[in-house]
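# Structural description and commentary
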Amino acid sequence: MKTIIYCRVSTKKHTQETSLERQESELLEIADKWNLQVVEVILDQASGYHLDRPGVLGMLDIIKREKIEAVLVQDETRLGRGNAKIALLHFLFKEGVQVYSISHQGELELSESDSMVLNIVSMVEEYQRKLHNLKIKRGMKRAVEKGFRPENNLKDHGNESGRERKELPIEEIIRLRENELTFSEIAATLRGFGYDVSKATVHRRYQEYIRQEEE
């Protein structure tokens, strides 16, 4: 099982550095005992209440790049504290990464309260996704009702899978805007047809067009 060892202390004091070395030594030993394949050892010296830690950011990159299956820590507080811990655990579980700790002598056992919060976070995230999709659907419906025809106006933009389109159909942005769609609705509509675009980008392109017309 491809594993990252994560060690953390809250300060850069000499006594804390010794604790960091001890964590690393103990975790390497237990990883060998549990037959875990250690891909990386990450050492952090930062508060557990913050996610903006060099080690955490590096760990997230490695998890994506190396298809990491497990993270090994001394105990759950090494990952973080408070909301930072919950956010990090949510990310790890969402990526299918198991968390092992020495304190639990195996896979991390969540407290009842942590488990409840993670379930709530997952539920909220799912409803946000549904609302986002409904917003796209509504924007697409309004656009088509206003005369937007993707089969005629969006052909030959990008690949068939709808990814990484380099250009935006400015003529359609202008037409949809003239038909009183908001920038948010226009962006949602274009995303529904495969354009990776934000409301800010649509607004910027529209303003650029207006400035050019006024010159």
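No experiment lies behind these values; they were computed from the predicted model shown. (Residues numbered from 1 in each chain as written. Predicted model: local features only at pLDDT ≥ 70, side-chain atom pairs only at ≥ 80, totals over all residues. Heavy atoms only, no water.)

## Topic: the overall build of the protein
A count of helical and extended segments in the protein gives nine helices and five strands. Sequence-ordered secondary structure for the protein, helices as α and strands as β, is β-α-β-α-β-α-α-β-β-α-α-α-α-α. Counting only residues that meet the buried cut, the protein has 37% of its 215 residues in that class. Surface accessibility of the protein: about 13200 Å² in total, with carbon and sulfur atoms responsible for 47%. (Helix = DSSP H or I, 4+ residues; strand = E, 2+ residues; numbered from the N terminus. Buried < 20%, exposed > 50% of the residue type's maximum accessible area, 1.4 Å probe, protein only. Areas by Shrake-Rupley, 256 points an atom, 1.4 Å probe, with all protein chains shown as cover.)

## Some words on the packing of aromatic side chains
Counted according to the given criterion, the structure contains two aromatic pairs. Between W34 and Y100, the ring centres sit 6.4 Å apart and the planes meet at 55°, which makes this aromatic pair tilted. Of this pair, W34 sits in the loop between α1 (14–33) and β2 (37–45) while Y100 sits in strand β4 (residues 98–101), placing them 66 residues apart in sequence. You can call Y100 buried: its relative accessible area is 15%. Here the basic side chain of R177 rests over the ring of F183, its NZ or CZ set 4.2 Å away from the ring centre. (Phe/Tyr/Trp six-rings, centres within 6.5 Å; stacked < 30°, edge-to-face > 60°. Lys NZ or Arg CZ within 6 Å of the ring centre and 35° of its normal.)

## Some remarks on the pattern of salt bridges
Counting across every chain of the model gives six salt bridges. For E95, the salt bridge is made with K64, and the minimal N-O distance between the two is 3.0 Å. You can see E95 sitting in the loop between α4 (82–94) and β4 and its partner K64 sitting in helix α2 (residues 54–66), a full 31 residues away along the chain. For E95, a relative accessible area of 32% puts it in the partly exposed group. Across the salt bridge formed by D114 and K85, the nearest N and O atoms sit 2.8 Å from each other. Within this pair, whereas D114 is found in helix α5 (residues 112–145), its partner K85 is found in helix α4, the two being separated by 29 residues in sequence. Taken together, the shared-partner salt bridges in this structure form one network comprising K2, R65 and E66. (Salt bridge = Lys/Arg side-chain N within 4 Å of Asp/Glu carboxyl O.)

## Describing the pairing of β4
Both strand β3 (residues 70–73) and β4 contribute to a ladder of four bridges, which runs parallel. When the bridges of β4 are listed, L72 appears paired with Y100. As paired elements, β4 and strand β5 (residues 106–107) share two bridges and run antiparallel to each other. In the strand pairing of β5, S101 is matched with G106. Joining the antiparallel neighbours β4 and β5 is a turn of four residues, in which Q105 adopts a positive phi near 50°. (Pairing = 2+ DSSP bridges.)

## Quick word on helix α9 (residues 199–214)
With 16 residues, α9 extends 23 Å between its outermost C-alpha atoms, agreeing within 8% with the 22 Å of an ideal straight helix rising 1.5 Å per residue. Restricting attention to buried positions, one finds in α9 the residues T201, V202 and Y206. The buried residues of α9 occupy one face: seen down the axis, they fall within an arc of 135°. The inward-facing, buried residues of α9 abut α7 (170–178) and α8 (183–192). (Expected span 1.5 Å × (residues − 1). Arc of directions from axis to C-beta. Contact = heavy atoms within 4.5 Å.)

## Overview of the confidence of the model for the protein
Mean pLDDT over the protein works out to 83, with 87% of the residues at or above the 70 mark. Across residues 154–166 the pLDDT falls below 50, and counting only partners more than four positions away or on other chains, this stretch makes 15 contacts in the model. (pLDDT = per-residue confidence, 0-100.)

## Thoughts on the nonpolar core
Core analysis: the biggest nonpolar cluster contains 19 residues, and I4, Y6, M59, I63, V71, L79 and L92 have the highest contact counts within it. Going through the elements one at a time, β1 (2–9), α2, β3 and α4 are the ones with two or more residues in this core. When neighbours within four sequence positions are excluded, V71 is seen to be in contact with T3, I4, Y6, M59, I63, L79, L92, V97, Q98, V99 and Y100. Membership of the second largest hydrophobic core comes to 13 residues, among which are I174, V197, V202 and Y206. (Core = buried A, V, L, I, M, F, W, Y, C linked by side-chain atoms within 4.5 Å.)

## With respect to the sheet that holds β1
Spatial strand order, β2-β1-β3-β4-β5: five strands in an open sheet with mixed pairing. If you trace the sheet from one side to the other, it starts and ends with β2 and β5, each paired once. Together, β1, β2 and β3 form the strand contacts of α2, whose direction differs from that of β2 by roughly 160°. (Axes fitted to C-alpha atoms, helices over the stretch in contact; angles between N-to-C directions.)

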